[in-house]
Amino acid sequence: MTDTVVVFTSGAEPSAADVPAGALVVAADGGADVALALGLRVDLAVGDLDSISADALAALEAAGTPIERHPVEKDASDLELALRAALRLGARRVLAVGEAGGRLDHLLGTLLLLAADAWAGVELDALVGGARVHVIRDGRALAGEPGETLSLFALHGPATGVSAEGLRYPLRGATLAPGTTLGLSNELAAAEVRISVETGVLLAVFPAA
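Residues numbered from 1 in each chain as written. Predicted model: local features only at pLDDT ≥ 70, side-chain atom pairs only at ≥ 80, totals over all residues. Heavy atoms only, no water.

## Considering unusual backbone geometry
Okay, step 1: Of note, Asp29 is a non-glycine position whose phi angle comes to about 55°, a positive value.
Okay, step 2: Its location among the elements puts Asp29 in the loop between strand S2 (24-28) and helix H1 (31-37).
Okay, step 3: Judged by its relative accessible area of 1%, Asp29 is buried. (Helix = DSSP H or I, 4+ residues; strand = E, 2+ residues; numbered from the N terminus. Buried < 20%, exposed > 50% of the residue type's maximum accessible area, 1.4 Å probe, protein only.)

Below is the structure:
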């Protein structure tokens, strides 16, 4: 079992500092180009391989990197396949690194995917472009800068008993329902915010500056 798995997707532009020491690296298709450009070792590549460069694929094959190939006509995105692989590797925490640009439907699908019940057993975070996204079940403490914007969204159903301390507008036992904006554009009043939820799942989003 490993502590952290970092999943890179196509188009991501992170820095090497985004990868915790000792983390395993899973590349979702063209995410291999990103990881290799950072000088990282890819421990597993997953996907239909329609966006990986020929050079990156050759480098993975030369290094003996396990490659999990899937058909182009499949029922799951490359990111979903990579997240499943991270679970098989025994991850306790998963950090997904991707881009915020590109197709809107892909971005929406990614955010909904992050909050899926399939990953309920791991701590899941994402870097989406310049934004930081955290999945919250039960409770978490998140670090930030006073004055920084933070938005909370309920996905896949209402989130009840939501409390958030350390915000300009604290929440205490609130209900956040999908399609409402109660949690939109709050602001950190301290360097740490503590968020808890009795039922449901939240996405906590620190938008890009």
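Here the narrative resumes.
## Things to note about the packing of aromatic side chains
Okay, step 1: Counted according to the given criterion, the structure contains zero aromatic pairs.
Okay, step 2: The lysine or arginine in question, Arg132, covers the ring of Phe206, its NZ or CZ lying 4.1 Å from the ring centre. (Phe/Tyr/Trp six-rings, centres within 6.5 Å; stacked < 30°, edge-to-face > 60°. Lys NZ or Arg CZ within 6 Å of the ring centre and 35° of its normal.)

## Description of the pattern of salt bridges
Any two side chains of opposite charge can pair, so long as their charged atoms come close to each other.
Okay, step 1: Overall, the coordinates contain 16 salt bridges when judged by the stated rule.
Okay, step 2: Two residues, Lys74 and Asp48, come together in a salt bridge whose shortest N-O distance is 2.7 Å. Highlighted residues: Lys74 in the loop between strand S4 (67-69) and helix H3 (78-88) and Asp48 in the loop between strand S3 (44-47) and helix H2 (54-63), separated in sequence by 26 residues.
Okay, step 3: By relative accessible area, which is 25% here, Lys74 ends up partly exposed.
Okay, step 4: Judged by relative accessible area, which is 12%, Asp48 ranks as buried.
Okay, step 5: Between Asp125 and Arg93 there is a salt bridge; the shortest N-O distance is 3.0 Å. One end of the pair, Asp125, is in strand S6 (residues 123-128); the other, Arg93, is in strand S5 (residues 93-98), and 32 residues separate them in sequence.
Okay, step 6: By relative accessible area, Asp125 is classed as buried at 4%.
Okay, step 7: Bridged by salt links that share partners, the residues Arg93, Glu123, Asp125 and Arg140 form one connected network. (Salt bridge = Lys/Arg side-chain N within 4 Å of Asp/Glu carboxyl O.)

## What about the pairing of S2?
Okay, step 1: A large share of S2 lies buried, amounting to four of its five residues.
Okay, step 2: Note: strand S1 (residues 4-8) against S2, four bridges, orientation parallel. Residue pairing for S2: Phe8 is matched across the bridge by Ala27.
Okay, step 3: Bridge analysis of S2 against S3 gives three bridges, and the strand direction is parallel. Its bridge partner lying in S3, Ala27 is registered against Ala45.
Okay, step 4: Read from S2 through H1 to S3, the crossover connection turns out right-handed. (Pairing = 2+ DSSP bridges. Right-handed = clockwise from strand over helix to strand, strands pointing away.)

## Structural notes on the nonpolar core
Generally speaking, nonpolar side chains in soluble globular proteins are found buried as a group.
Okay, step 1: Val7, Val26, Leu83, Val94, Leu124, Val133 and Leu203 are the most contacted members of the largest nonpolar core, which totals 30 residues.
Okay, step 2: Considering every element that reaches this core, the biggest residue donor is H3, with six residues.
Okay, step 3: Those residues in contact with Val133 that sit more than four places away from it in its chain are Leu111, Leu114, Asp125, Ala126, Val128, Leu203, Ala204 and Val205. (Core = buried A, V, L, I, M, F, W, Y, C linked by side-chain atoms within 4.5 Å. Contact = heavy atoms within 4.5 Å.)

## Quick word on the pairing of strand S7 (residues 131-136)
Okay, step 1: Most of S7 sits inside the fold, with five of its six residues counted as buried.
Okay, step 2: One ladder, built from four bridges, connects S6 with S7; its direction is antiparallel. Bridge assignment links Leu127 to a residue of S7, and that residue is Arg132.
Okay, step 3: In this structure, the hairpin formed by S6 and S7 is closed by a connection of two residues, where Gly129 is found at a positive phi of approximately 65°.
Okay, step 4: Here S7 pairs with strand S13 (residues 199-206) via five bridges, running antiparallel. When the sheet's bridge partners are listed, His134 is paired in S13 with Ala204.

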